[in-house]
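# Coordinate analysis (summary)
What follows is each chain in one-letter form.
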Amino acid sequence: REHKDGEKTAAPARLMDALKRLGLFTPSATALLGAARPTQPLCSRSLPSLSKRAALSSSLCSRSYSRPSEGLSGSSRRIGFVGVGAMGRPMCENLLKSGRFEQVVVCDTNEKALQDFKAMGAEVVTSPADLARSPGVETVISMLPSAGHVEGVFLGERGLLSVDPSELQPRFFIDCSSTGPKCSVSMQRELEGREGADLVFVDAPVSGGVPGAEQATLTFMVGAPTEDLFNRARDVLVPTVGKQAVHCGTTGAGQSTKLCNNLVLGITMAGVCEAMALGQKLGLDPENLSKVFNSSSAQCWSTSLYNPCPGVMQGVPSSRDYENGFLTELMIKDLTSAQQAAESAQADIYLGKMANDLYQKMESTHQRKDFSAIYRYIYNGQASGQRE
């Protein structure tokens, strides 16, 4: 449009100046205006520390920023992944297969695993500090065995937060490990305490086991301080590595939900193993017994999708000598965490304690097997078609 004096209005430049004054100059705005200097979006800040006006700005920018498929620049479509063990490996493979990210940067201590991912086209690094410096990586997903591992990855000598703040690339961290709420709340406080760094920690533990990780059908239980931050995490995780994400509440709520979920899982698996072994000793065929379970009131995840009796179901740990599943020692860890959380909340979990005692009766070598192995090692159950 021309003024009366014939001079053209530099609308894009003026709009950019206005956005800067309001604190809304984001990568999305940059793309729309054809500019070339994207800045860190305000939506990565922790909302409790912001003013009402900034909180509104955060909500606005997160809607355009959070969807990787909606025009993000190449550099902002790089993502980091830490921990490629039994669960993390198939999750990370699905990130690669999805094609939603220009590059996946993988971090692990297992050199063989890193070489495998390099052959798949991923970029690999050997320390969290190297990942923290990787140009253009704005989001990091972690899938680690315990709270201690999470703390090491973030706060260790070569952890993500060990680098100089000016070098730190990622601003958004999604932890899918099962650690308990205390760890997640502690990590968020650590990130909030980094002066001048707008960092966000979201806990998003999973349900679905190794089969769910392989098939990208995991459910994520997300603890995030705001709906916008939940949406941002969900847009990274679903449908890339899972089928569903549920906003369970603020930071730590995802971990609390996971504890309750695994409390039920540990108890029901013990019950299914006990009943399957009893049925076999009474002369019943395990396959027929499972059919009855799955069409009656005994039906549950452990009977229909994760049967503990070898020979009844293919593609589950019981069909491969209880290998490559959810380790018994991890179930013990989760049930112990549930007991500790119950004590803090002055709640009683009688069955949870009994189930934990059962899993702990397994020899230490067998605790590296899938938790459904109590069918064999505690109840002396046999494979389908076999009798004592």
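In this text the structure is predicted, and so the values were computed from the model without any measurement.

## Quick notes on the pairing of strand β1 (residues 78–82)
Within a regular strand, side chains alternate between the sheet's two faces. Among the five residues that make up β1, five are buried, leaving the element largely enclosed by the rest of the structure. Alternating residues of β1 divide into Arg78, Gly80 and Val82 and Ile79 and Phe81, and every residue in both groups is buried. In this structure, β1 lies alongside strand β2 (residues 103–107), joined through five bridges in parallel fashion. The partner of Val82 across the bridge, within β2, is Cys107. After leaving β1, the chain enters helix α4 (residues 88–98) and then returns to the sheet as β2, a path that is right-handed.

## A word on the pattern of salt bridges
A pair can form between side chains of opposite charge whenever their charged atoms are brought close. Using the criterion set out here, one finds 15 salt bridges in the structure. A salt bridge links Asp116 to Arg89, with the shortest nitrogen-to-oxygen separation between them at 3.2 Å. One end of the pair, Asp116, is in helix α5 (residues 111–119); the other, Arg89, is in helix α4, and 27 residues separate them in sequence. Notably, a salt bridge pairs Glu323 with Lys369, separated by 2.8 Å at the nearest N-O pair. Within this pair, whereas Glu323 is found in the loop between α13 (301–304) and α14 (328–344), its partner Lys369 is found in the loop between α15 (350–360) and α16 (374–377), the two being separated by 46 residues in sequence. Accessibility expressed as a relative area gives 11% for Lys369, which makes it buried. Beyond isolated ion pairs, a larger network of salt bridges with shared partners links Arg89, Glu93, Lys112 and Asp116.

Here is what the cut-offs are and how they apply
- Along each chain, numbering runs from 1 in the same order as the chain's sequence is written.
- Local features are withheld for residues below a pLDDT of 70 in this predicted model, meaning they are given only at 70 or higher, and side-chain atom pairs are given and counted only at 80 or more; totals for whole chains, interfaces and linings count all residues.
- Hydrogens and water molecules were not included; the side-chain quantities draw on all heavy atoms of the structure.
- Residue burial is assigned from relative accessible area. The probe radius is 1.4 Å, only protein chains are included, and a residue is buried under 20% of its type maximum, exposed over 50%, and partly exposed in between.
- Under the scheme used here, helices are H or I runs from DSSP no shorter than 4 residues and strands are E runs no shorter than 2 residues, and both carry numbers assigned from the N terminus.
- A pair of strands is labelled paired if DSSP reports no fewer than 2 bridges between them.
- Call a crossover right-handed when, viewed with both strands pointing away from you, the route from the first strand across the helix to the second goes clockwise.
- Should a side-chain nitrogen of Lys or Arg be within 4 Å of a carboxyl oxygen of Asp or Glu, the pair is scored as a salt bridge.

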